[in-house]
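Coordinates in review
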Amino acid sequence: MKRENTAYPGACRSNAAVFQVEPEQGTRSRKQGTGNRELSSRCCPFGSLFSAACSLFSVPCSGFAPRSARVHFSYTLLASRLALLLVLSFLLPLPVQAENAPFTIILQVYEGPHDGTGQKWKKKNVELVPGSDEAREFLENYRKSTPGLVQAYEMLTTEGPFLEHMEFLHSLDGKAPKLYLVDDSQKYVDADDDGNPDTDEKARDEEGVWPHRSGNSIYISNSYLGSYPNDANVQRLIIHEYSHSQDRTGRGSGDYGPDDSHFADEILYNHGGGWRFWDRGHYSERAAFSEGWANFTPILFDPDRRDAVAASVENVRRETEKGKYEEKDWAEASYEELIAVEYINSLILYDIFRYVPGGADKITEAFQSTNRRGRNLRTVLQEIVKEHPEDAFAIAGIFDAYTHFNAPDKVLDEMLGEEIARAYRRDHRSRLQELNTEGTASGAEAVGQGTAQLRIASVEARLAAIDERLDEIRGVNLSPWDILGGIGSIGFREFRHRREEARLRAEKQRLEELIKSLGGAVSGTAAARGSGNILGGALRRMPELRTKLMQPPVAKLNALRRLGKIPTKLKDKTRPVSSMEGSPQAWGEE
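Residue indices follow the written sequence of each chain, beginning from 1 at its first position. The predicted nature of this model means local features are confined to residues of pLDDT at least 70 and side-chain atom pairs, given and counted, to a pLDDT of 80 or more, with totals for whole chains, interfaces and linings taken over all residues. Hydrogens and waters are ignored; side-chain quantities use all the structure's heavy atoms.

1. So, the packing of helix 5 (residues 147-157) against helix 8 (residues 231-245)
Helices that pack against each other are described as a pair by the angle of their axes relative to one another and the distance between those axes. Axis definition: a line fit to C-alpha positions, over the contact stretch in the case of helices; interaxial angles, taken between N-to-C directions, run 0 to 180 degrees. Each helix is a run of H or I in the DSSP string that is no shorter than four residues. Each strand is a run of E no shorter than two, and both are numbered from the N terminus. As a packed pair, helix 5 and helix 8 sit with axes 11 Å apart at the nearest point and diverge in direction by 65°. It follows that helix 5 is roughly perpendicular to helix 8 by the angle criterion. Relative to helix 8, helix 5 is oriented so that their crossing is right-handed. Across the interface between the two elements, Gln-151, Ala-152, Met-155 and Leu-156 from helix 5 touch Asp-231, Val-234, Gln-235 and Ile-238 from helix 8. The labels follow the angle: roughly parallel below 35 degrees, roughly antiparallel above 145, roughly perpendicular from 65 to 115, and oblique for the rest. In this scheme the handedness of a crossing depends on how the near helix is turned from the far one: anticlockwise by less than a right angle means left-handed, clockwise means right-handed. Whether two residues are in contact is decided by their heavy atoms, any of which lying within 4.5 Å being enough.

The following block contains the structure:
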């Protein structure tokens, strides 16, 4: 298992320019220096229009000409030239970099002494715009010395599935990061043949540059690519780091454990302590989601990776002290331990993508709507359930399967809602657990396959929860606040309840239409009620009082029957009236 020492200090928004394949004639000006190019193409995007205006009006761009050299023209000529300038502004392309490309590519090299002078290595950055002189020079000089960097550059500049996947990731948050291809090979130069790199000992640069993301910059180094010559590995690495750039989740200090490194099968645990004296240690669920998301996106690009990912978590490890780990079987780990493993997060997301109808769009929407600091996997899943209650049981089953069906009731209640979670535990949990006949992390995908028929059941559970809540808000239970607030408090509460009732009825109507489209039949639903004034609504929401006012007592009815005061044809139709308005035929039997 390769270690990922990923620096993640937090997201940093930037309007960084992005690359563009420029025409050949556009390369000459870049030889004059980067500074002028930066000024004309980024700081002054209308530079070409300004130059055109100067040429049309015979005005030097660098300043004002002497009075004798000025060209006098009529207002008619001025108007015609302005019109021509306006047309040209729409027809001629501006020398700016394309806005739709998802990153800027920069070559970072190290220049430094090889004679033991004690000076630190100096970084030099060169932007690699495809088609430019710098890009051609890079390809010529680095193809033999550092082929891994050239390989990564060509992947990033060649149209195909990989670049399409990068554009999809870019759409998640819209940040265009700077992607540094780092040539750190010079750090290993040993000019004096003493067996040690010739570099400043205090700088500690001999370790090279580990791939990471920092702010809005991604660093991919030659020293890392050299050990991963396979195209797929390089692609996964770039996708992983790019996914971090679109994710604002962040992580807390110490979330990777005492060694500040993380493995894909590691139970991430923050040992706490330090200035956070109140924190005696906690599982790093937020960091596990951040890394799990960045591992999920490469699986989307290469689905064949799923089996290897699942096999790698059959045993999970936890750091007990700096650099020392203990292992345990997946089946023996607790819920808190498993949900803090990044690959477990990845597998849950991937099975939702595979087995939940429209899973790709639902995950994308939930990721975007919850893209803020401090979230975790449960935050994203709760958002999906809120927007798509028909998927509640499927989400719960997949989540439960990879955490070995050990999720506490409180976790499921928060993610699904108490009523739906109760129905899931009562009616479906044990059956879904039996689907994993292998009893392994790899076999957990069978649970996702078995959740397809639970969509109707999920909708029915949500409808039952809505009906239960509607019954609650129809009643009036006086509280101390009502006594203190008087009629105003009761009226305000009634106003809130009516708003909630309208929302629930709209959701109920949508779910009834959905359940019909899924091939099910709506049963046990309540008839719609009319509205009215606040006090009238409050009266209708008092079932006991309404029963007394609108329905003869059963004892009195029996007495009337014995006396023969009720016609025979009405006796058979007489039955206790439900607290719900309308005939029983209108709303169905309960």
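After that view of the structure, there is still more to cover.
2. Some words on the nonpolar core
Within the largest apolar cluster, 90 residues are counted, with the highest numbers of intra-cluster contacts made by Phe-138, Met-166, Leu-181, Ile-348, Leu-381, Phe-399 and Leu-416. Residue contributions to this core peak at nine residues, all from helix 15 (residues 392-402). Contact partners of Leu-381, with chain neighbours within four places excluded, come to Ile-348, Ile-352, Ile-395, Phe-399 and Met-415. Nonpolar core, defined: a set of buried Ala, Val, Leu, Ile, Met, Phe, Trp, Tyr and Cys residues in which side-chain atoms within 4.5 Å join the residues together. Exposure classes here rest on a 1.4 Å probe applied to the protein chains alone. A residue is buried below 20% of its type maximum, exposed above 50%, and partly exposed in between. Ile-466, Leu-470, Leu-511 and Leu-514 belong to the second largest nonpolar core, which has nine residues in total.

3. Some words on the pairing of strand 10 (residues 324-329)
Strand pairing follows a simple DSSP-based rule, namely that at least 2 bridges must link the two strands. Across six bridges, strand 9 (residues 315-321) lies against strand 10 in antiparallel orientation. Note that in strand 10 the partner of Arg-318 across the bridge is Glu-326. The antiparallel hairpin formed by strand 9 and strand 10 contains two residues in its connecting segment, where Gly-323 sits at a positive phi of about 75°.

4. Focus on helix 5
Of all 11 residues in helix 5, eight are buried, a share of seventy percent or more. All of the buried residues in helix 5 are Gly-148, Leu-149, Val-150, Gln-151, Ala-152, Tyr-153, Met-155 and Leu-156.

5. Some words on the sheet that holds strand 5 (residues 217-221)
Strands sit in the order 2-1-3-5-4 across an open sheet of five strands; the sheet is mixed. Because the sheet does not close on itself, it has two edges, and the strands there are strand 2 (122-127) and strand 4 (212-214). For this sheet the average axis-to-axis angle between neighbouring strands, irrespective of direction, equals 30°. In this structure, strand 1 (residues 104-111) lies alongside strand 2, joined through six bridges in antiparallel fashion. Paired with Glu-111 across the strands is Lys-122, a residue of strand 2. Contacting strand 1, strand 2 and strand 3 (178-183), helix 4 (residues 133-145) runs over the sheet at an angle of about 55° to strand 1. Strands in contact with helix 5 are strand 1, strand 3 and strand 5; relative to strand 3, the strand with the most contacts, it is inclined by about 160°.

6. Regarding the sheet that holds strand 6 (residues 266-267)
Ordered in space as 6-9-10, the three strands form an open sheet in which the pairing is mixed. Either end of the sheet is taken by a strand with one partner, and the two such strands are strand 6 and strand 10.

7. Side note on the pattern of salt bridges
Where side chains of opposite charge bring their charged atoms close, a pairing between them can arise. Only one rule defines a salt bridge in this text: a Lys or Arg side-chain nitrogen within 4 Å of an Asp or Glu carboxyl oxygen. Taken as a whole and assessed by the stated rule, the structure comprises 28 salt bridges. Residue Asp-391 is joined to Lys-362 by a salt bridge in which the shortest nitrogen-to-oxygen separation is 2.5 Å. Here the residue Asp-391 occupies a position in the loop between helix 14 (377-387) and helix 15, and Lys-362 occupies one in helix 13 (residues 359-369), the gap between them amounting to 29 residues. Residue Asp-391 is classed as buried on the basis of its relative accessible area, which comes to 1%. For Lys-386, the salt bridge identified is with Glu-383, shortest N-O distance 3.4 Å. A residue pair is termed a helical-turn pair when its members lie 3 or 4 positions apart in one helix, as Lys-386 and Glu-383 do in helix 14 at three residues. Exposure remark for Lys-386: the relative accessible area of 53% places this residue in the exposed category. Given a relative accessible area of 16%, Glu-383 falls into the buried group.

8. Remarks on the packing of aromatic side chains
Pairing of aromatic rings covers Phe, Tyr and Trp, the last counted by its six-membered ring, and requires centre-to-centre distances within 6.5 Å; plane angles under 30 degrees mean stacked, over 60 mean edge-to-face, and any other angle means tilted. For the structure on display, the rule yields 14 aromatic pairs. Plain terms: the ring middles of Phe-138 and Tyr-142 are 5.1 Å apart, the flat faces sit at 35° to each other, and that makes the pair tilted. Placement of both Phe-138 and Tyr-142 in helix 4 is noted, with a separation of four residues, approximately one turn of the helix. Using a relative accessible area of 14% as the deciding quantity, one classes Tyr-142 as buried. To sit over a ring, a charge needs its Lys NZ or Arg CZ within 6 Å of the ring centre and within 35 degrees of the ring normal. The cationic tip of Arg-317 hangs over the ring face of Phe-263; the distance from NZ or CZ to the ring centre is 4.1 Å.

9. Focus: the confidence of the model for the protein chain
The predictor attaches a confidence to each residue, called pLDDT, with possible values from 0 through 100. Averaged over all residues, the pLDDT of the protein chain is 74; the fraction at 70 or higher stands at 62%. Across residues 200-206 the pLDDT falls below 50, and counting only partners more than four positions away or on other chains, this stretch makes 10 contacts in the model. Predicted confidence for residues 568-590 stays below pLDDT 50, and this span has 30 contacts to residues more than four positions away or in other chains.

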